[in-house]
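What the coordinates show
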Amino acid sequence: MTEFKPVKEGKVREIYDNGDSIIMVATDRISAFDIILKNKITDKGAVLTQMSKFWFDFTSDIIPNHMISTDVNDMPEYFRQDKFTGNSMMVKKLEMLPIECIVRGYITGSGWKSYCKDGTVCGIRLPEGLQESQQLPEPIFTPSTKAEIGDHDENISYEQTIQVLEKAYPGKGEFYAKTIKDATIAIYKKCAEYARTRGIIIADTKFEFGLDENGNVVLGDEMLTPDSSRFWPMEGYEVGHGQPSYDKQFVRDWLTANPDSDYLLPEEVIEKTIGKYKEAYELLSGKPFARK
């Protein structure tokens, strides 16, 4: 049996080269404030992978995505181990675009702080009188640059997005920028509308796109997971304050309230976190979570 070593390790994912494809493994690591925490969250990687699969299938009519299979029997023998079951996805190789595509349908988090300061979010002027957690008249596209581990992403304007992509792909910057912006908004609208029928508000999320061998834009990375999105329960939702969530905002809030934690979570926070992740998956997919 050939042993595989990761060719790249991110905050949560490990990437393995499989010749004409890539195997992306979502670990049980968790990050907050761009720091990898000392704890692992059992089953978290499997929840992320299975939720991404659900959304990739759900949105394949809008734009192609990189998913090939989440069945380890379709992968080399090395990956047919328990530690890879449920949390591994074989995907197409893409040349990833250097932009994180963030879409906000509600005003919260750093967007709310920015709005309170000068009435804008990432340079976009919003109507006066909005309250915290209020739904925006229309979803807004607020891209950022991609940071290395330990660095912070930098919010940029749509015009800067064109410049970044033009520098990387001369003559194609405006086309790629418009394509990923339009796809980001379209995917968000479809998924947010569906999620509301399942009792969940998707306040915001981020997508990443890449280019296939023919230069076509393809949706990659993960998709609409609790790691990359803010999920709120519709029950009890009201504007004017922060909302309870199904995502890792719960972990961020605990760390903020416990600044001396040294990024080590207590067991009850770990259990509550994975419970929220599984509940979100089950509500959205309509299926009970099972690792296999």
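Here the structure is shown first, and the text comes after it.
This report concerns the structure included in the present document.

Reading the values: the criteria
Residues numbered from 1 in each chain as written. Predicted model: local features only at pLDDT ≥ 70, side-chain atom pairs only at ≥ 80, totals over all residues. Heavy atoms only, no water. Helix = DSSP H or I, 4+ residues; strand = E, 2+ residues; numbered from the N terminus. Rg over C-alpha atoms; globule rule 2.2 N^0.38 Å. Buried < 20%, exposed > 50% of the residue type's maximum accessible area, 1.4 Å probe, protein only. Contact = heavy atoms within 4.5 Å. Areas by Shrake-Rupley, 256 points an atom, 1.4 Å probe, with all protein chains shown as cover. Lys, Arg positive; Asp, Glu negative; His and termini not counted. Charge placed at Lys NZ, Arg CZ, Asp CG, Glu CD. Salt bridge = Lys/Arg side-chain N within 4 Å of Asp/Glu carboxyl O. Phe/Tyr/Trp six-rings, centres within 6.5 Å; stacked < 30°, edge-to-face > 60°. Lys NZ or Arg CZ within 6 Å of the ring centre and 35° of its normal. 1 Å grid on protein atoms, 1.4 Å probe; cavity = no way out; pocket = protein on both sides within 12 Å on 5 of 7 lines; lining within 4 Å. Points joined across faces, edges and corners; volume = space filled by probe spheres on them. Nonpolar A, V, L, I, M, F, W, Y, C, P; charged D, E, K, R; others polar. Axes fitted to C-alpha atoms, helices over the stretch in contact; angles between N-to-C directions. Parallel < 35°, antiparallel > 145°, perpendicular 65-115°, else oblique. Left-handed = near helix turned anticlockwise from the far one by under 90°. Pairing = 2+ DSSP bridges. Expected span 1.5 Å × (residues − 1).

A few words on the overall build of the chain. The helix and strand inventory of the chain stands at 6 helices and 16 strands. Its C-alpha radius of gyration of 19 Å places the chain within 12% of the 19 Å reference for a compact globule of 292 residues. Overall size of the chain, expressed as C-alpha extent along the three principal axes, is 60 × 55 × 40 Å. When the 292 residues of the chain are sorted by exposure, 53% land in the buried category. Partitioning the intrachain contacts of the chain with sequence separation of at least 6 by distance along the chain shows that 62% fall at a separation of at least 24. Element-wise, carbon and sulfur atoms account for 49% of the exposed surface of the chain, whose accessible area totals about 14,000 Å². Of the side chains in the chain, 36 bear a positive and 47 a negative charge, and the two mean positions are spaced by 1 Å.

Moving on, we get to the pattern of salt bridges. Applying the stated rule across the entire model yields 16 salt bridges. Measuring nitrogen to oxygen at the nearest pair gives 2.4 Å for the salt bridge that ties Lys 38 to Asp 262. Taken as a pair, Lys 38 in strand S5 (residues 35-40) and Asp 262 in the loop between helix H5 (249-257) and helix H6 (267-285) lie far apart in primary sequence, 224 residues in all. For Asp 262, a relative accessible area of 49% gives the class partly exposed.

Across all of its chains, the model carries 21 aromatic pairs by this definition. Judged by centre distance (5.1 Å) and plane angle (70°), the ring pair of Phe 54 and Trp 55 falls under edge-to-face. Its relative accessible area of 19% is what places Phe 54 among the buried residues. Looking at Lys 190, its charged tip hangs above the ring of Phe 58, at a distance of 4.7 Å from the centre.

Attention now moves to empty space enclosed by the protein. Inspection of every chain in the model, using the stated rule, returns 2 cavities of 30 Å³ or more. Roughly 40 Å³ of internal volume is contained in the largest cavity. As for the largest cavity, its lining consists of Arg 13, Met 24, Ala 26, Thr 49, Ser 52, Asn 87 and Met 89. For the lining of the largest cavity, the secondary structure elements donating two or more residues are strand S3 (21-26) and helix H1 (44-58). For the lining of the largest cavity, a count of residues per class yields 3 nonpolar, 3 polar and 1 charged. In this structure, the second largest cavity spans a volume of roughly 30 Å³. What lines the second largest cavity is simply Arg 104, Tyr 106, Ile 107, Thr 108, Gly 111, Val 121, Leu 136, Ile 140 and Asp 204.

What follows covers the packing of helix H3 (residues 158-168) against helix H4 (residues 173-197). At a minimum axis separation of 7 Å, H3 and H4 run at an interaxial angle of 130°. Regarding the angle of H3 to H4, the classification is oblique. As H3 runs across H4, the sense of the crossing is right-handed. The segment H3 lies against H4, with Tyr 158, Thr 161, Ile 162, Leu 165 and Glu 166 engaging Gly 173, Glu 174, Tyr 176, Ala 177, Lys 178, Ile 180 and Lys 181. Its residues assigned to classes, the contact of H3 with H4 comprises 6 nonpolar, 2 polar and 4 charged.

Close contact between H5 and H6 brings their axes to 9 Å; oriented N to C, the two are set at 155°. With respect to each other, H5 and H6 are oriented roughly antiparallel. Counting all contacts with H5, which are made through Phe 250, Val 251 and Trp 254, the residues of H6 involved are Val 269, Lys 272, Thr 273 and Lys 276. Across the contact of H5 with H6, the residue classes tally to 4 nonpolar, 1 polar and 2 charged.

On to H5. Every α-helix carries 3.6 residues per turn, so stepping three or four residues along brings you back to the same face. Among the residues of H5, Gln 249, Phe 250, Val 251, Arg 252 and Leu 255 are the ones counted as buried. Buried residues along H5 sit against strand S4 (29-32), S5, strand S16 (229-233) and H6.

Taking strand neighbours across the sheet as the criterion, the 5 strands line up as S1-S2-S3-S7-S6 in an open arrangement whose pairing is antiparallel. Two strands close off the open sheet at either side, each with one partner strand: strand S1 (8-9) and strand S6 (67-69). For S1 and strand S2 (residues 13-17), the ladder comprises 2 bridges, and the chain directions are antiparallel. Across the sheet, Glu 9 pairs through a bridge with Glu 14, a residue of S2. Contacting S2, S3, S6 and strand S7 (88-92), H1 crosses the sheet at an angle of about 40° to S7.

Attention now goes to H1. Between its first and last C-alpha, H1 extends 21 Å over 15 residues, near the 21 Å set by a 1.5 Å rise per residue. Burial runs high along H1: 12 of the 15 residues are buried. Within H1, the full set of buried residues consists of Lys 44, Gly 45, Ala 46, Val 47, Leu 48, Thr 49, Gln 50, Met 51, Ser 52, Phe 54, Trp 55 and Phe 56.

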